[in-house]
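# Structural characterization, general
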Amino acid sequence: MTNWQEAKLAREAELCFASLAMVTDYDCWKEDEAAVEVEDILRVLHENAELARRSVAAVVGALPSQRTCGCGSALANAIITAPDKISAEARRRLAPIVGKYFEEKP
Ligand SMILES: [Zn+2]
């Protein structure tokens, strides 16, 4: 499965993004593997869920308190609409994501 949609949406929201992908079986492409059984998938799924929980906890615990990447300002130069052409309704609707770019500069 791809997650380009999630990566794109995270970028548009100026969020850092990483994915963690886990495999439950090789049934669909690896011809030398036996056919997969539902029980096997469920067992691996549960193992993966626990591994994912531990992985996320470890990663979150290792993150710096301040991010130094450019994700938080990814849209700084992305709004090309003239400020006076952005309606009040659009400013209100987009404020949670890009409101900081609508503020008047001193
Ligand atoms: Zn980032």
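Each remark here, short or long, concerns the structure printed above.
Rules used throughout
- Residues numbered from 1 in each chain as written.
- Predicted model: local features only at pLDDT ≥ 70, side-chain atom pairs only at ≥ 80, totals over all residues.
- Heavy atoms only, no water.
- Patch = residues over 30% accessible without salt bridge, like charges linked within 9 Å, V, L, I, M, F, W, Y side chains within 5 Å.
- Areas by Shrake-Rupley, 256 points an atom, 1.4 Å probe, with all protein chains shown as cover.
- Salt bridge = Lys/Arg side-chain N within 4 Å of Asp/Glu carboxyl O.
- Helix = DSSP H or I, 4+ residues; strand = E, 2+ residues; numbered from the N terminus.
- Buried < 20%, exposed > 50% of the residue type's maximum accessible area, 1.4 Å probe, protein only.
- Polar contact = N/O pair within 3.5 Å; in protein donor to acceptor, adjacent residues only side chain to side chain.
- Contact = heavy atoms within 4.5 Å.
- Donors = N, O, S within 2.8 Å, 3.2 Å for Na, K, Ca; no water.

## Examining a nonpolar patch on the surface
A contiguous nonpolar surface patch, about 470 Å² in accessible area, is contributed by Leu20, Val56, Val59, Val60 and Leu63. On the secondary structure map, Val60 appears in helix α2 (residues 38–62).

## What to know about the pattern of salt bridges
Taken as a whole and judged by the stated rule, the model has six salt bridges. For the salt bridge of Glu14 with Lys100, the shortest nitrogen-to-oxygen distance reads 2.9 Å. Here Lys100 lies in the segment after α3 (88–98) and Glu14 lies in the loop between α1 (4–12) and α2, a separation of 86 residues in the sequence. Taking relative accessible area as the criterion, Lys100 reaches 44% and is therefore assigned partly exposed. Between Glu89 and Arg93 there is a salt bridge, with the nearest N and O atoms lying 3.3 Å from each other. A residue pair is termed a helical-turn pair when its members lie 3 or 4 positions apart in one helix, as Glu89 and Arg93 do in helix α3 at four residues. The partly exposed category is assigned to Glu89, whose relative accessible area is 39%.

## Some words on the side chain of Asn48
Counting through the fold element by element, Asn48 comes out in helix α2. Accessibility expressed as a relative area gives 14% for Asn48, which makes it buried. One polar contact links the side chain of Asn48 to the main-chain carbonyl oxygen of Val23, over a distance of 3.0 Å. The contact partners of Asn48, leaving out residues within four places of it in the chain, are Met22, Val23 and Thr24.

## Quick notes on the coordination of the zinc ion
Around the zinc ion, the protein supplies Cys16 (SG), Cys69 (SG) and Cys71 (SG) as donor atoms, at distances of 2.2 to 2.3 Å. Sequence positions of the residues that donate to the zinc ion give the spacing C-x52-C-x1-C. With Cys16 in the loop between α1 and α2 and Cys71 in the loop between α2 and α3, this residue pair connects regions lying 55 residues apart in the sequence. For Cys71, a relative accessible area of 15% translates into the label buried.

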